[in-house]
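Next come the chains, spelled out residue by residue.
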Amino acid sequence: MMKGKTALITGSTSGIGKAIATRLAEEGCNIILNGFGDSGEIDALKRSLASSHGVVAGYSSADLTRVPAIENMMAYAEAEFGGVDILVNNAGMQHVAPIDEFPVDKWNVIIALNLSAAFHTTRLSMPGMKTKGWGRIINIASAHAKVASPFKVAYVAAKHGLSGLTKVTALEGATYGIRCNSICPGYVFTPLVENQVADTAKARNMTEEQVKKDVLLAAQPTKEFVTVEQVAAFAAFLCSPAADQINGADLSIDGGWTAQ
Ligand code: NAD
């Protein structure tokens, strides 16, 4: 069913996005990678996806905080792949500070990347999806699309906004075969989080296990991280026919965090 579709996954040079790109390549999708990183490593990832799964893999280095760069990326997808069938809006960043000290430039860049970029990729993907009568848009939101934490004002506002974007897209796409949902992970064990564990353990004189359970996973009832493979499998499921009637939902994968 997914074989031969083209999937664009933003922020797929690392973490969750990379796992989703790998999983969708396993399903037979052609892949467009995006994100920052070492050009040799990105090239190796592109080649390995193509050779391991017999798909076509491309890459856009677009900085998604810039609208013209997004427009160029979408034009590349159209020219080289005939458009985007599966759009995964995953690229995101975080900044932690109290509201009254929150740097205005950090607010602007987080809203641009975590929210506005998803609007731009969506508005530029929908005409092609409507014409083909099929499309899947998955917004990687967060538990922070449903609940707040202090000191994360831009991130929480952007992720709540992403939930609104998801619902409107779902309604407008519903009769065109387009489905749009958001995945709301709790803490996921990406390299970014992994690095924090060792640093926090040193700073607090705790073991790494204590840091994971009592600091990072304080809000996550299972006291276990979500894995990138679990998020990727969830995304693949949302592209499958079994998920055809799932539309406009904010779907938690958070070990029970938002049940509290
Ligand atoms: P990550 O830092 O490992 O990956 C982020 C990706 O975004 C990288 O590929 C990076 O190059 C790319 N990126 C950053 N700025 C960009 C820009 N301006 N333009 C284009 N690409 C850019 O992060 P991750 O943990 O894999 O997070 C991915 C998504 O999942 C984010 O939206 C994040 O909010 C969400 N999320 C993560 C967690 C978690 O615990 N890790 C939990 C909930 C939600």
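Residues numbered from 1 in each chain as written. Predicted model: local features only at pLDDT ≥ 70, side-chain atom pairs only at ≥ 80, totals over all residues. Heavy atoms only, no water.

### Regarding the overall build of the chain
Rules: By the criteria applied, helices consist of DSSP H or I runs no shorter than four residues and strands consist of E runs no shorter than two, each listed in order from the N terminus. When accessible area is computed with a 1.4 Å probe and restricted to protein chains, residues below 20% of their type maximum are described as buried, those above 50% as exposed, and intermediate ones as partly exposed. For this analysis, residues touch if any pair of their heavy atoms sits within 4.5 Å. The method behind every accessible area is Shrake-Rupley, applied with a 1.4 Å probe, and residues are considered shielded solely by the protein chains displayed.
When its secondary structure is counted, the chain shows eight helices and seven strands. For the chain, the spread of C-alpha atoms along the principal axes amounts to about 55 × 40 × 35 Å. The proportion of buried residues among the 260 residues of the chain is 49%. Pairs at least 24 apart in sequence give 71% of the contacts found in the chain among residues at least 6 apart. A total accessible area of about 11,900 Å² is found for the chain, and carbon and sulfur atoms account for 54% of it.

### Quick word on the domain arrangement of the chain
For clarity, the cut-off: By convention here, the domain bounds are inherited from an automatic or database domain assignment. The term buried area means the drop in 1.4 Å probe accessible area that two parts suffer when joined, counted for both and summed.
Parsing the chain into structural domains produces domain 1 (6–186 + 226–255) and domain 2 (189–225). If you average the C-alpha positions of domain 1 and of domain 2, the two centres end up 26 Å apart. Taken residue by residue, the interface counts nine residues in domain 1 and eight residues in domain 2. Carbon and sulfur atoms make up 52% of the surface buried where domain 1 meets domain 2, a total of about 530 Å² over both sides.

### Considering the environment of Val-226
Among the structural elements, Val-226 can be located in the loop between α7 (208–216) and α8 (228–238). Expressed as a C-alpha distance, the spacing of Val-226 and Ile-138, which sit 88 residues apart in the sequence, is 18 Å. Each residue touching Val-226, except ones within four places of it in the same chain, is listed here: Gly-186, Tyr-187, Val-188, Phe-189, Gln-220, Val-231, Ile-253 and Asp-254.

### Topic: the packing of aromatic side chains
Going by this rule: Each pair of aromatic rings taken from Phe, Tyr and Trp, with Trp reduced to its six-membered ring, is defined by centres within 6.5 Å and is described as stacked if the planes are under 30 degrees apart, edge-to-face if over 60, and tilted in the remaining cases. Both a distance and an angle decide whether a charge sits over a ring: NZ of Lys or CZ of Arg must be within 6 Å of the ring centre and within 35 degrees of the ring normal.
For the coordinates displayed, the defined rule picks out four aromatic pairs. Judged by centre distance (6.5 Å) and plane angle (85°), the ring pair of Tyr-187 and Phe-225 falls under edge-to-face. Of this pair, Tyr-187 sits in the loop between β6 (178–185) and α6 (191–204) while Phe-225 sits in the loop between α7 and α8, and the two are 38 residues apart along the sequence. Classification of Phe-225 as buried rests on a relative accessible area of 15%. Each ring, one from Phe-189 and one from Phe-225, has its centre 4.7 Å from the other, and the planes form 55°; the classification is tilted. Residue Phe-189 is found in the loop between β6 and α6, and its partner Phe-225 is found in the loop between α7 and α8; the two are separated by 36 residues along the sequence. Judged by its relative accessible area of 29%, Phe-189 is partly exposed. The positively charged end of Lys-130 is found above the aromatic ring belonging to Tyr-176, 4.8 Å away from the centroid.

### Quick notes on unusual backbone geometry
We note that Phe-151 has phi near 75°; this positive angle belongs to a residue other than glycine. On the secondary structure map, Phe-151 appears in the loop between β5 (135–140) and α5 (153–173). Even without being a glycine, Lys-223 presents a positive backbone phi close to 55°. Counting through the fold element by element, Lys-223 comes out in the loop between α7 and α8. Classification of Lys-223 by relative accessible area gives partly exposed; the value is 30%.

### Quick notes on the environment of Phe-119
Secondary-structure assignment places Phe-119 in helix α4 (residues 104–132). Note: C-alpha distance between Phe-119 and Ser-149 (30 residues apart in sequence) is 24 Å.

### Focus on helix α1 (residues 15–26)
Spelled out, the test is: Helix span, as expected, comes to 1.5 Å for every residue beyond the first.
Between its first and last C-alpha, α1 extends 17 Å over 12 residues, near the 16 Å set by a 1.5 Å rise per residue. All of the buried residues in α1 are Gly-15, Ile-16, Gly-17, Ala-19, Ile-20, Ala-21, Leu-24 and Ala-25. A positive phi of about 100° marks Gly-28, the residue just after α1.

### Concerning the site of the ligand
Quick reminder of the rule: For this description, a residue counts as near a given molecule or strand if any of its non-hydrogen atoms is within 4 Å of it. Polar contact is defined as a pair of N or O atoms within 3.5 Å, subject to the rule that within protein one atom must be able to donate a hydrogen and the other to accept it, and that residues adjacent in sequence are counted only when both atoms are side-chain atoms. Here the term charged refers only to Asp, Glu, Lys and Arg, the term nonpolar to Ala, Val, Leu, Ile, Met, Phe, Trp, Tyr, Cys and Pro, and the term polar to all other amino acids, Gly among them.
The environment of the ligand is made up of 28 residues, and the closest members are Thr-13, Ser-14, Asn-90, Tyr-155 and Val-188. Note that an oxygen atom of the ligand is positioned 2.7 Å from one of the side-chain N or O atoms of Thr-13. Note that a nitrogen atom of the ligand is positioned 3.0 Å from one of the backbone N or O atoms of Leu-64. Out of a free accessible area of 830 Å², the ligand has 88% covered by protein chains. Secondary-structure elements contributing two or more residues to the shell around the ligand are α1 and α5. Looking at side-chain class alone, the shell around the ligand contains 13 nonpolar, 13 polar and two charged residues.

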